[in-house]
Amino acid sequence: MSKNLVIVESPAKAKTIEGFLGKDYIVKSSYGHVMDLNKTQLSVDIEHGFEPQYEVSADKKKLVAELKKLAKEAEMVWLASDEDREGEAISWHLFKALGLKEDKTKRIVFHEITKTAIAHAIENPRGIDLNLVSAQQARRVLDRLVGYELSPLLWRKVKPALSAGRVQSVAVRLIVEREEEVKDFKVTSAYRVTAVFSVDGQPNAKLKAELSERFAIEADAQNFLTSCIGAGYTVSAVEKKPMKKSPAAPFTTSTLQQEASRKLGYSVGNTMRVAQHLYESGKITYMRTDSVNLSNLALSLAKDEITNSFGKEYVKTRKYTTKTKGAQEAHEAIRPTSMAASSISGTSEEKRLYDLIWKRTLASQMADAELEKTTITVDISSSKYTFIATGEVILFDGFLKVYLEGNDDDSSEESADLLPPVKNGQVLKVGEILAQQRFTRGPARYTEASLVKKLEELGIGRPSTYAPTISTIQKREYVVKEDRPGTSREYKVLSLLSDKITSKTEAENVGFEKSKLFPTDIGILVNKFLCQYFESIIDFNFTANVEKEFDEIADGNQAWNKMIGEFYGPFHKKIEDTNENSAKFSGEKLLGVDPVSGKNLFVKVGRYGPMVQLGDTDSEEKPKFAGLHKNQTMDTLTLEDALELFSFPRTLGEYETKEMAVAIGRFGPYVKHDSKFYSLAKTDDPASIDAERAIEIILAKREKEEQASIQEFQQEPDLKVLNGRYGPYITFKKKNYKIPKGADPAKLSLEECMAIVANPDNAPKKAFKGKRK
DNA sequence: CAGTGAGCGAGCTTCCGCTTGACTT
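Residues numbered from 1 in each chain as written. Chains lettered and ligands numbered in written order. Predicted model: local features only at pLDDT ≥ 70, side-chain atom pairs only at ≥ 80, totals over all residues. Heavy atoms only, no water.

Caption draft 1: Geometry of the confidence of the model for chain A. Looking at chain A, the pLDDT average stands at 91 and 95% of residues meet or exceed 70. Across residues 765–773, where pLDDT falls below 50, the model places 4 contacts with residues more than four positions away in sequence or in other chains. (pLDDT = per-residue confidence, 0-100. Contact = heavy atoms within 4.5 Å.)

Caption draft 2: Main features of helix α15 (residues 542–554). Taking 1.5 Å of rise per residue, the 13 residues of α15 would be expected to cover 18 Å, and the 18 Å separating its terminal C-alpha atoms lies within 8% of that figure. Where α15 terminates, the next one or two residues include Gly 556, which has phi positive at roughly 80°. (Helix = DSSP H or I, 4+ residues; strand = E, 2+ residues; numbered from the N terminus. Expected span 1.5 Å × (residues − 1).)

Caption draft 3: Looking closely at the environment of Asn 581. Assignment of secondary structure puts Asn 581 in helix α16 (residues 560–581). A relative accessible area of 59% means that Asn 581 is categorised as exposed. Here Asp 577 takes part through its side chain, which lies 2.7 Å from a polar atom of the side chain of Asn 581. (Buried < 20%, exposed > 50% of the residue type's maximum accessible area, 1.4 Å probe, protein only. Polar contact = N/O pair within 3.5 Å; in protein donor to acceptor, adjacent residues only side chain to side chain.)

Caption draft 4: Local environment of the side chain of Gln 136. In this fold, Gln 136 is placed in helix α5 (residues 130–157). Apart from residues no more than four positions distant in its own chain, Gln 136 is found in contact with His 33, Tyr 54, Arg 85, Glu 86 and Ala 89.

Caption draft 5: The arrangement of the packing of helix α8 (residues 253–264) against helix α12 (residues 448–457) in detail. Packing of α8 against α12 leaves a shortest axis separation of 8 Å and a crossing angle of 155°. Between α8 and α12, the angle is such that the two are roughly antiparallel. The element α8 and its partner α12 pack so that their crossing is left-handed. Two secondary-structure elements touch here, α8 through Ser 254, Gln 257, Gln 258 and Ser 261 and α12 through Ala 449, Val 452, Lys 453 and Glu 456. A class-by-class count of the residues in the contact of α8 with α12 yields 2 nonpolar, 4 polar and 2 charged. (Axes fitted to C-alpha atoms, helices over the stretch in contact; angles between N-to-C directions. Parallel < 35°, antiparallel > 145°, perpendicular 65-115°, else oblique. Left-handed = near helix turned anticlockwise from the far one by under 90°. Nonpolar A, V, L, I, M, F, W, Y, C, P; charged D, E, K, R; others polar.)

Caption draft 6: Molecular detail of the pattern of salt bridges. All chains considered together, the criterion is met by 45 salt bridges. Here Asp 355 and Lys 359 are joined by a salt bridge, their closest N and O atoms 3.2 Å apart. Of this pair, Asp 355 and Lys 359 are both found in helix α11 (residues 348–364), 4 residues apart, which corresponds to roughly one turn of the helix. Given the relative accessible area of 29%, Asp 355 is considered partly exposed. The class of Lys 359 is partly exposed, set by a relative accessible area of 29%. Across the pair Glu 513 and Lys 516 runs a salt bridge, and its minimum N-O distance is 2.6 Å. Its relative accessible area of 16% is what places Lys 516 among the buried residues. Residues joined in a network through salt bridges with shared partners are Glu 179, Lys 183, Arg 445, Glu 513 and Lys 516. (Salt bridge = Lys/Arg side-chain N within 4 Å of Asp/Glu carboxyl O.)

Here's what the structure looks like:
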């Protein structure tokens, strides 16, 4: 058949390359790694040099068989996985899994998907770099050992089904520590003084200026304003300074995630999903990259586009180099495949993300913006202080014509304005002078994207793992992403206008948070555990240090299993030691004593999460337990809150001869009636809800159910055809079944429904539970 | 846009990095 089989990692890449290579080449994809350690066991032979037991991944068996067949028929197999540690390992695993022969296998690499780059790669093949493979093996084994020894320890000491790892545990640590910083931050205030001047002969011109000094206390601000009564104001200096602004580098995964978050409000996961789409439809280059490099082709495409749209003076071809720790640069930066396409067809999400990528790429190849910054100093006849006004004028817009990078901190109070022309020595007329109380701002909580930025700075995680890591720490409930309302804060404003000082108090809303990451009680507790016993693993430099060793291995200067051995000895000893000698780590805290029973009341993390416990664990009488509400935290829970938790379930009286009770369950507060459950509305308070309101809730839900119901059958009350979120479905004995396409849900007979239920094709899909062997 | 509603007992959970599907009841 085909003489040559080329294997790359991504199917979209395969398609493009096949176009470049012609009919003698068939190009296939490995879809990433084809071999990995078994998920259900450690799969590292500790006794024998930490030899990893790789196997073909379950979901790759079919693919490997197909590739094997193609490889057999080909005269030459070209392994073209990425040129980085993981890519080299993929080639090695393919070599093994496909049973390739050395004389019939070549390893090639390229960093950009262009015809010349591919041709060059084919002319310059090499062998598989086994040192680099060893480095990957060290990385893989280290992560497995850390993850699979630490996690079970957490199950025993803290709570089942938790996890820890080199990357996720640092991510959690960052969020926990940031929260502490936010809580510990001491807010101080000072009076910021601003004045508005008018200029003779320029009736519409306003000169806004700020005083060079801020006053710590109100009395000082007051004194200053008093001193200004009747004072004169003269321009004492006008200074002009030229400035330049340069465009930001083209997008990497991390910077794309940040900008899409800042400018479009996309979550990290959403950005990657949309980008994947753009990539698969050939509109952008690969979206998981740490490189800011653009191919020569891209540079010239950008140059043409800029020349055509804006003129030659806007062109400045730039080569960017990465400064990111641990970058492996196997790909190009993220860019449009065609710079001429300034917009695309697609969903609005896709269009907006593409627009961002297009502009960023174009701007990166454009001239600097030239600005002039003007600083005007205004003397006060009665004071040693001066007012300063700053303004900016754009002399040449350059790259600003298309794009300006966003900013994470929203603290910039006002943007610099255009200033009216004034001369040194000119006398100004003052309008209002304001002294406003301003407060210092504490550190900002992380968003998903700013956490990615931080992780990248620390060299922790890779472009392919940023989004999954963020989803893992939320899935484990170490962290929640949510909005939180702010609080109202009063501030003082003093005003001097027409020689009269007035004072008033105003209010502002502060501390409102949108889509920020907050640690949960579990996250805080697990972090505390790891800090106490495994500080070295969640050290911010741990990854950077092991990366140095991986580089040594890649350079052939160290044996990988020797490195792992040196790490594993002390690590494993600490695991065993902690397992044997430490008590349960529940974060238990004594809240006080129950005034009724006189028993101790504790708050702690139990098998199912944060809970309160009434009575001592080792007392004869079994203690009582109750879980915390969703919006309660162990840190802020009071004795009263805790006592209230024990007041459930509370009976509310009878309705239709059946008892009603209010209780708090896994999904929040609910009313139970006639063995049915009715969730309370968010506005209902379970502590004070009465029978009347409970009946309202019951009736409301009944009505809703009625509306959702498409069909019911008297002969078989367990079976119903309902209208759900994903459309009509059949529910039978607490299980739901999909309705085959083409069937009209309203006209199904009972027999037809029973047939649907009996057909395993329509059965509810369950998570893989079967176990082999 | 639905439904879900703990608490010994039995057995399970877990890592990080590469890649895309298949598409819920």
